[in-house]
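Residue-level structure breakdown
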Amino acid sequence: MKQLSASVMCADLLNMEKAVADLEKAGIDYLHVDIMDGSFVPNITLGFDLINAIKKVSNIPLDIHMMVQQPVRFLDSMHLGTEDIVCVHYESDVHVHRTLEQIRKKGCKTGLALNPQTPVSCVQHLSDYTDMLLIMTVSPGFAGQKMFTGALEKTKQARALLDSSGYAHIPIEVDGNISFENGKNLSKCGADIFVLGTSSLFIPGKDMKQSAEEFRAVL
Ligand code: DX5
Ligand code: ZN
């Protein structure tokens, strides 16, 4: 089943409780929370206090995208449940296998994220430790960018690799410039979870529930 993950950094930061309630009404499956450190990516946005505050007012599972060096340092800063996903970048940690194990030990689901230039083959040795594969369709760090040209082919390759190696159950998430058009094409290539930001869900003046329904309809 295809799922929608709303990019919280694109929501109204001054009205977060209302934004989360609106996303619940829109039937969103996950809240995608981008955590940055100004080093792994040249930006800083949301933080752990916000994650813990959201957990108090919402039951939507969190999909936490860690764009930080050595993410293992921050696992204890988040109070999470069994349905929440902590997704770490392959490129951010020389011991990413150990980090994925630590996330499971904490009782959460794991995600492995790949930057545009990182080949899909690197997931091969980590599939047993990964509950979701995140294919970045832009270089991470900022909303409002353009999808990189190889994104469709890479998603297709990743789906084929997972399916042929006994990991057909691992969903592929795509993040960055997920417009209606890109979402439709990525869905055909095997993407399962769609991170919706400024390209489709957070459009000034447009109702989020309506956008979410329209997005599901094109998948
Ligand atoms: C970075 C973010 C962005 C963004 C997605 O990891 O997740 O990719 O919020 O939204 P747009 O549609 O602006 O790329
Ligand atoms: Zn993200």
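Our subject in this report is the structure included herewith. (Residues numbered from 1 in each chain as written. Chains lettered and ligands numbered in written order. Predicted model: local features only at pLDDT ≥ 70, side-chain atom pairs only at ≥ 80, totals over all residues. Heavy atoms only, no water.)

Details of the packing of helix H5 (residues 180–188) against helix H6 (residues 208–218)
Following both chains from N to C, one finds H5 and H6 inclined at 35°, their axes separated by 9 Å at the closest point. In the crossing of H5 with H6, the sense of the turn from one axis to the other is right-handed. Every residue of H6 that contacts H5 at Phe 180, Gly 183 and Lys 184 is listed here: Ser 211, Glu 214, Phe 215 and Val 218. Residues that form the contact of H5 with H6 fall into these classes: three nonpolar, two polar and two charged. (Axes fitted to C-alpha atoms, helices over the stretch in contact; angles between N-to-C directions. Helix = DSSP H or I, 4+ residues; strand = E, 2+ residues; numbered from the N terminus. Left-handed = near helix turned anticlockwise from the far one by under 90°. Contact = heavy atoms within 4.5 Å. Nonpolar A, V, L, I, M, F, W, Y, C, P; charged D, E, K, R; others polar.)

Focus: the pairing of strand S3 (residues 62–67)
Summarising burial for S3: six of the six residues are buried, a large majority. The alternating pattern of S3 places Leu 62, Ile 64 and Met 66 and Asp 63, His 65 and Met 67 on opposite faces, both of which are buried. Inspection of the sheet shows strand S2 (residues 30–36) paired to S3 by six bridges, in the parallel sense. Its bridge partner lying in S3, His 32 is registered against Asp 63. As for the winding sense of the linkage, the β-α-β connection from S2 through helix H2 (residues 48–57) to S3 is right-handed. Sheet analysis places S3 next to strand S4 (residues 85–89), joined by four bridges and oriented parallel. Opposite His 65, over in S4, you have Cys 87 as the bridge partner. (Buried < 20%, exposed > 50% of the residue type's maximum accessible area, 1.4 Å probe, protein only. Pairing = 2+ DSSP bridges. Right-handed = clockwise from strand over helix to strand, strands pointing away.)

So, the coordination of the zinc ion (ligand 2)
At 2.1 to 2.3 Å from the zinc ion (ligand 2) lie its protein donor atoms, namely His 32 (NE2), Asp 34 (OD), His 65 (ND1) and Asp 175 (OD). For the zinc ion (ligand 2), the six donor atoms are set out with angles of 64 to 169° between them, so the coordination reads as irregular. Each donor residue of the zinc ion (ligand 2) lies on one chain, and together they are spaced H-x1-D-x30-H-x109-D. Taken as a pair, Asp 34 in strand S2 and Asp 175 in strand S7 (residues 172–175) lie far apart in primary sequence, 141 residues in all. Each member of the pair Asp 34 and Asp 175 is classed as buried. (Donors = N, O, S within 2.8 Å, 3.2 Å for Na, K, Ca; no water. Tetrahedral: all angles 85-135°; square planar, octahedral: opposite > 155°, others 65-115°.)

Thoughts on the environment of Gln 117
For Gln 117, the location among the structural elements is in the loop between strand S5 (109–114) and strand S6 (132–136). Classification of Gln 117 as exposed rests on a relative accessible area of 61%.

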